Amino acid sequence: GRADLVLGTRLAVFASMPRLGLIVVDEEHDPSFKQQEGARYSARDLAVWRAHRLGIAVLLGSATPSLETWQRALEGRYLRLALDRRIGGGAMPAVRLVDMTRLPRDAQHERVLAPPLLAAITERIGRGEQSLLLLNRRGYAPVLHCGACGWKSGCPHCSAWRVFHKADRTLRCHHCGLSERVPRACPDCGNLDIAPLGRGTEKLQEQLATLMPGARVARLDADSTRGAGALQQQLGAVHAGEVDVLVGTQMLAKGHDFRRVTLVAAVNPDAALFSSDFRAPERLFALLMQAAGRAGRDAAQAARSEMWVQTWHPRHPLYAALRAHDYEAYATAQLAERRAAGLPPFASLALLRAEARTVEVARAFLHDASSLAAAHAGVTVYPPVPPPVAKVADVERMQMLVESPSRVVLQRMLAAWLPGLHALRAQHKGLLRWAVDVDPLAI
């Protein structure tokens with residue numbers, strides 16, 4: 001009880017504090033509050049539960065609350081407190097959409113930045129201001145490709161591509177960690193002309209250095225910050241004004257206070273608009289709103305701060321809400337879609353995941369588990385399917401979705417189901433492991 005204030009990551013929700021009087025969950029929408037391996041738990045939800053048990057306040061803070069949290073505020077279960085001004089009183093950045101379909105056809109996929117955006121960044125450099133470019137894909141290119149035979153740099157141990165990293169000339173799998181030198185020729189046909197497809201932060205940094213000679217371009221992602229102290233060193237250089245353009249992944253959007261940044265640009269965010277995961281648009285909107293908040297944090301520069309978005313779908317409703325900085329309008333539209341589709345927060349989900357050396361073993365386990373669940377009324381159990389990355393490190397993965405409109409009914413079903421799942425595990429030899437993930441963040 002000697003500590004008055006404890007700061008921590010999601011694990012801090014378990015801290016023993018005999019005089020606990022308040023729990024604050026900052027950026028409560030962030031998916032990293034959910035532990036995805038081992039004991040699966042949501043630190044945000046545990047904070048709410050712990051505060052309820054103790055009869056104390058819990059404060060969930062975010063400029064882009066999760067839709068579950070927003071819906072509970074609409075229902076009156078949470079008290080909503082609105083902060084209607086930025087620190088310092090500065091205006092929010094103006095959002096500008098760059099319609100990539102208006103570029104000449106041969107330049108639509110070749111141009112790293114549209115000419116108006118490139119001119120805006122150049123103008124900032126001339127004024128001594130900084131720009132952030134957001135591209136949520138690290139590495140040089142997502143895949144290497146042979147134009148002669150069609151070979152691509154797949155991972156032999158995962159159902160995923162190995163990413164080309166030009167800095168050390170390696171092909172690296174971001175799932176199992178396999179890293180190999182780039183082959184001199186195509187492994188299948190011997191063609192010497194194998195080329196990168198797509199663009200990652202490493203390639204974007206290289207292209208910007210070519211487009212803007214003399215500009216100081218830096219990169220911030222999981223690769224560039226791997227060494228001890230590298231993150232602090234790079235952030236220090238940005239704060240000191242030693243960087244003109246900072247390229248990076250979603251790490252850039254996480255609460256940084258860059259006082260000289262007046263322009264933020266999302267280079268290619270459209271993929272999440274059409275994802276099979278129903279939460280992907282919500283995550284994209286939060287990412288873009290949070291990224292926009294990095295611009296104009298100095299009130300003196302806020303009036304000329306801007307957020308640029310390069311898109312092939314400028315009339316998408318998500319971008320309309322982003323332009324108006326209208327989270328409430330976007331949340332209202334998304335909640336209407338979720339209600340019509342019977343998706344969270346208007347339903348409760350759980351995923352039963354199985355991992356085995358063969359697909360057959362994992363699928364058989366899930367089929368037997370489905371039979372055990374059939375007796376429970378008020379719960380829908382969907383057929384087993386593979387996740388988007390079905391194999392990781394030579395382990396095959398399958399998953400089965402369980403859905404109920406009632407949280408209570410789902411929890412009762414899971415409590416009755418678990419003993420049977422443990423018994424099934426003993427019958428299915430060769431199964432590596434299984435886990436039940438309640439409120440899964442990615443489907």
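This section reports on the structure supplied with the text. Given the structure is predicted, the values throughout are model-derived calculations rather than measurements. (Residues numbered from 1 in each chain as written. Predicted model: local features only at pLDDT ≥ 70, side-chain atom pairs only at ≥ 80, totals over all residues. Heavy atoms only, no water.)

**Considerations on the pattern of salt bridges**
Per the stated rule, a full pass over the model turns up 30 salt bridges. In this structure, Asp 4 engages Arg 19 in a salt bridge whose closest nitrogen and oxygen atoms are separated by 3.3 Å. Of this pair, Asp 4 sits in the segment before strand E1 (22-26) while Arg 19 is found in the segment before E1, placing the two residues 15 residues apart along the sequence. When sorted by exposure, Asp 4 lands in the same class as Arg 19, which is exposed. The residue Arg 127 makes a salt bridge to Glu 129 at a minimum N-O spacing of 3.1 Å. Judged by its relative accessible area of 2%, Glu 129 is buried. (Salt bridge = Lys/Arg side-chain N within 4 Å of Asp/Glu carboxyl O. Helix = DSSP H or I, 4+ residues; strand = E, 2+ residues; numbered from the N terminus. Buried < 20%, exposed > 50% of the residue type's maximum accessible area, 1.4 Å probe, protein only.)

**Quick look at the packing of helix H2 (residues 67-74) against helix H8 (residues 327-341)**
Viewed as axis vectors pointing N to C, H2 and H8 meet at an angle of 95 degrees, and their least axial separation amounts to 11 Å. With respect to H8, the axis of H2 lies roughly perpendicular. The segment H2 lies against H8, with Leu 67, Glu 68, Trp 70, Gln 71 and Leu 74 engaging Tyr 327, Glu 328, Ala 331, Gln 334, Leu 335, Arg 338 and Arg 339. Of the residues contributing to the contact of H2 with H8, the split by class is six nonpolar, two polar and four charged. (Axes fitted to C-alpha atoms, helices over the stretch in contact; angles between N-to-C directions. Parallel < 35°, antiparallel > 145°, perpendicular 65-115°, else oblique. Contact = heavy atoms within 4.5 Å. Nonpolar A, V, L, I, M, F, W, Y, C, P; charged D, E, K, R; others polar.)

**Examining the sheet that holds strand E8 (residues 163-165)**
Ordered by their spatial adjacency, three strands build an open sheet running E8-E9-E10, and the pairing between neighbours is antiparallel. Across the chains shown, the open sheet's two edge strands, defined by having one partner strand only, are E8 and strand E10 (179-181). On average, adjacent strands in this sheet sit at an angle of 30 degrees to one another, irrespective of strand direction. Where strand E9 (residues 170-172) lies against E10, three bridges are found, and the strand directions are antiparallel. (Pairing = 2+ DSSP bridges.)

**Overview of H8**
Spanning 15 residues, H8 covers 21 Å between terminal C-alpha atoms, matching the ideal 21 Å at 1.5 Å per step. Along H8, the residues classified as buried are Tyr 327, Tyr 330, Ala 331, Gln 334, Leu 335 and Arg 338. Taken around the axis of H8, the buried residues stretch over an arc of 130 degrees, which confines them to a single face. Exposed and oriented more than 90 degrees from the buried face of H8 are Glu 337, Arg 339 and Ala 340. Close packing links the buried residues of H8 with H2, helix H6 (280-292) and helix H7 (317-323). Put simply, Asp 326 is the residue that caps the front of H8, since its side-chain oxygen is 3.3 Å from the backbone nitrogen of Glu 328. (Expected span 1.5 Å × (residues − 1). Arc of directions from axis to C-beta. Polar contact = N/O pair within 3.5 Å; in protein donor to acceptor, adjacent residues only side chain to side chain.)

**Comments concerning the environment of Trp 70**
Its place among the elements puts Trp 70 in helix H2. If we ignore the near neighbours within four places in the chain, the residues touching Trp 70 are Pro 65, Arg 80, Tyr 327, Glu 328, Ala 331 and Leu 335.

**A closer look at the nonpolar core**
Ranked by size, the top nonpolar core spans 38 residues in total, and within it Leu 246, Phe 285, Leu 288, Met 307, Leu 318, Tyr 319 and Leu 322 carry the most contacts. The leading source of residues in this core is H6, at seven residues. Once you skip the residues sitting within four places of it in the chain, Met 307 turns out to touch Pro 93, Ala 94, Val 95, Arg 96, Val 264, Ala 266, Leu 288, Ala 291 and Ala 292. (Core = buried A, V, L, I, M, F, W, Y, C linked by side-chain atoms within 4.5 Å.)

**Observations regarding the sheet that holds strand E6 (residues 130-134)**
The sheet built from six strands is open, its strands ordered E5-E15-E14-E6-E13-E12 with parallel pairing. Of all strands in the sheet, those with a lone pairing partner are strand E5 (94-99) and strand E12 (217-220), marking the two edges. Within the sheet, the average angular offset between the axes of one strand and its neighbour, ignoring direction, is 20 degrees. Across four bridges, the pairing between E12 and strand E13 (residues 245-248) is parallel. In the strand pairing of E13, Ala 218 is matched with Leu 246. H6 contacts E6, strand E14 (261-266) and strand E15 (306-311) of the sheet and is inclined by roughly 145 degrees relative to E15.

**Overview of the side chain of Glu 68**
For Glu 68, the location among the structural elements is in helix H2. Residue class for Glu 68 comes out buried when judged on its relative accessible area of 12%. Glu 68 has contacts with Arg 279, Arg 338, Pro 344 and Pro 345, leaving out every residue within four places of it along the chain.

**What about the packing of H6 against H8?**
Think of two packed helices as two axes; the pair is described by the angle between the axes and how far apart they sit. Contact pair H6 / H8: the axes reach a minimum separation of 11 Å and the direction vectors enclose 175 degrees. Taken together, the axes of H6 and H8 lie roughly antiparallel to each other. For the pair H6 and H8, the contacting residues are Pro 281, Glu 282, Phe 285 and Met 289 in the first and Tyr 327, Tyr 330, Gln 334 and Arg 338 in the second. Along the lines of polarity and charge, the residues of the contact of H6 with H8 split into five nonpolar, one polar and two charged.

**Notes on the environment of Ala 350**
Relative to the elements of secondary structure, Ala 350 occurs in strand E16 (residues 348-356). A relative accessible area of 1% places Ala 350 in the buried class. For Ala 350 and Met 400, which are 50 residues apart along the polypeptide, the C-alpha to C-alpha distance reads 8.4 Å. In this structure Ala 350 touches Met 400, Leu 401, Val 402, Leu 410, Leu 414, Val 436, Asp 437, Val 438 and Pro 440, once residues within four positions along its chain are discounted.

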